[in-house]
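In case you want the letters, here they are:
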Amino acid sequence: MKIRLHPWVNFAGAIGAGALVLAFCFLLLCQNPLLFWNDDYEISILPVFADVARSWSEGHLPLLSPYSWVCGNLAGEFQYGTFSVFVNLAVVLIWKLPLAFAQQAAALSMTHLFVLGAGSFLLARGRNLSIPLATMVALVGALNGWIICWGASDWFGALGAFAWLPWAWWGMERALDPGRSQWRFLWPAPFVYLLVTGGFPYTVLMLALLAAWLAAKSLGETRRLSSLWPLGAGLALGFGLSAPAWLALFDYVHGSARA
């Protein structure tokens, strides 16, 4: 049985877990200042985001760029988080700081690693894990080899989407909790939106598989199809909010070199 602690306890713990992730990243940067600036990040991701920041500063929605590795169709490429409010806000704010290229890459990745660590902590706390164990889950979730050596330092789209998977998982479980209000379907919606617009289709597939597993689990426990309506409504709302991203992908991919 799950226990409910004061929400501020878990909130403070999530902030602390994210801070530990950042501290570890700073240690890595002390050893290698170019850690987060490699391969695709260096030749494609960062130039595109520099152009995204320029576009917003000029009052234009960044849909096209000459700096993409394959083609200039950012919406058709999907991986740049073109329709993610979080990605665009992070890019705009980071590019206002007097940072070198490698430092911009580090700041962008570390922002998302903080989110991933905090979400992993909350997800673990929802399973009645102690604060030390939940902190360990956060560190493993945000600092594992796949995330650090690829998502955070090479293919940013993988990190941009995966950072929100624990949050979407946490939100879906809250939506399925019958002890919460009838508005509980709202919990997963923003995180599903941020995950889908993050720019990595494989994480979207992971979300679909996770939602199917949670639905089957809930159905097995309650034996009532009506128990699934908050989850279905939350997913529908989240995918609806992210519609510009996946509709643009379906519409423009036929004109993209990626196709």
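Quick note: structure is the one above.
About the cut-offs
Residues numbered from 1 in each chain as written. Predicted model: local features only at pLDDT ≥ 70, side-chain atom pairs only at ≥ 80, totals over all residues. Heavy atoms only, no water. Axes fitted to C-alpha atoms, helices over the stretch in contact; angles between N-to-C directions. Helix = DSSP H or I, 4+ residues; strand = E, 2+ residues; numbered from the N terminus. Parallel < 35°, antiparallel > 145°, perpendicular 65-115°, else oblique. Left-handed = near helix turned anticlockwise from the far one by under 90°. Nonpolar A, V, L, I, M, F, W, Y, C, P; charged D, E, K, R; others polar. Phe/Tyr/Trp six-rings, centres within 6.5 Å; stacked < 30°, edge-to-face > 60°. Buried < 20%, exposed > 50% of the residue type's maximum accessible area, 1.4 Å probe, protein only. Lys NZ or Arg CZ within 6 Å of the ring centre and 35° of its normal. Core = buried A, V, L, I, M, F, W, Y, C linked by side-chain atoms within 4.5 Å. Contact = heavy atoms within 4.5 Å. Salt bridge = Lys/Arg side-chain N within 4 Å of Asp/Glu carboxyl O.

Draft legend 1. View of the packing of helix H1 (residues 7-31) against helix H5 (residues 101-125). One way to put it is that H1 packs onto H5 with a least axis distance of 8 Å and a crossing angle of 140°. Comparing their axes, H5 and H1 come out oblique. The way H1 lies across H5 gives a crossing that is right-handed. Within the contact of H1 with H5, the residues separate by chemical class into 17 nonpolar, 4 polar and 1 charged.

Draft legend 2. Layout of the packing of aromatic side chains. All chains considered together, the criterion is met by 22 aromatic pairs. Here Phe185 and Trp229 contribute two aromatic rings whose centre-to-centre distance is 5.9 Å and whose plane-to-plane angle is 45°, an arrangement assigned as tilted. Of the two residues, Phe185 sits in the loop between helix H9 (165-175) and helix H10 (188-198) while Trp229 sits in helix H12 (residues 229-241), which places them 44 residues apart along the sequence. With relative accessibility at 17%, the residue Phe185 sits in the buried group. For Trp229, a relative accessible area of 41% corresponds to the partly exposed category. Above the face of the Trp187 ring, Arg174 is positioned so that its terminal group lies 4.0 Å from the ring centre.

Draft legend 3. Main features of the nonpolar core. One finds Phe36, Phe49 and Leu113 to be the most contacted residues of the largest nonpolar core, which totals 66 residues. If one sorts the elements of this core by residue count, H5 sits on top with 12 residues. Beyond its immediate stretch of four places on either side in the chain, Phe49 contacts Tyr80, Val87, Val91, Trp95, Leu108 and Phe156.

Draft legend 4. Quick look at H9. With 10 of 11 residues buried, H9 lies mostly within the body of the structure. Those residues of H9 that sit buried are Leu165, Pro166, Trp167, Ala168, Trp170, Gly171, Met172, Glu173, Arg174 and Ala175. In this structure, the buried side of H9 is in contact with H5, helix H8 (156-162), H10, helix H11 (201-222) and H12.

Draft legend 5. Local environment of the pattern of salt bridges. The full count for this structure, using the stated rule, is 4 salt bridges. We note a salt bridge from Asp51 to Arg54, for which the minimum N-O separation is 2.7 Å. Remark: Arg54 and Asp51 occur in helix H2 (residues 39-57); sequence separation between them is 3 residues, near one turn of the helix. Between Arg180 and Asp177 there is a salt bridge, and its shortest N-O distance comes to 3.5 Å. For Arg180, a relative accessible area of 25% puts it in the partly exposed group. Connected through shared salt-bridge partners, Asp51, Arg54 and Glu58 make up one network.

Draft legend 6. How the structure looks around unusual backbone geometry. Phi angles above zero are rare outside glycine, and Asp39 is one such case at about 45°. Along the polypeptide, Asp39 turns up in helix H2.

Draft legend 7. The environment of Gly119, seen in detail. You can see Gly119 is positioned in helix H5. Separated by 37 residues in sequence, Gly119 and Thr82 place their C-alpha atoms 22 Å apart. Every residue in contact with Gly119, bar those within four places of it in the chain, is listed here: Pro166 and Trp167.

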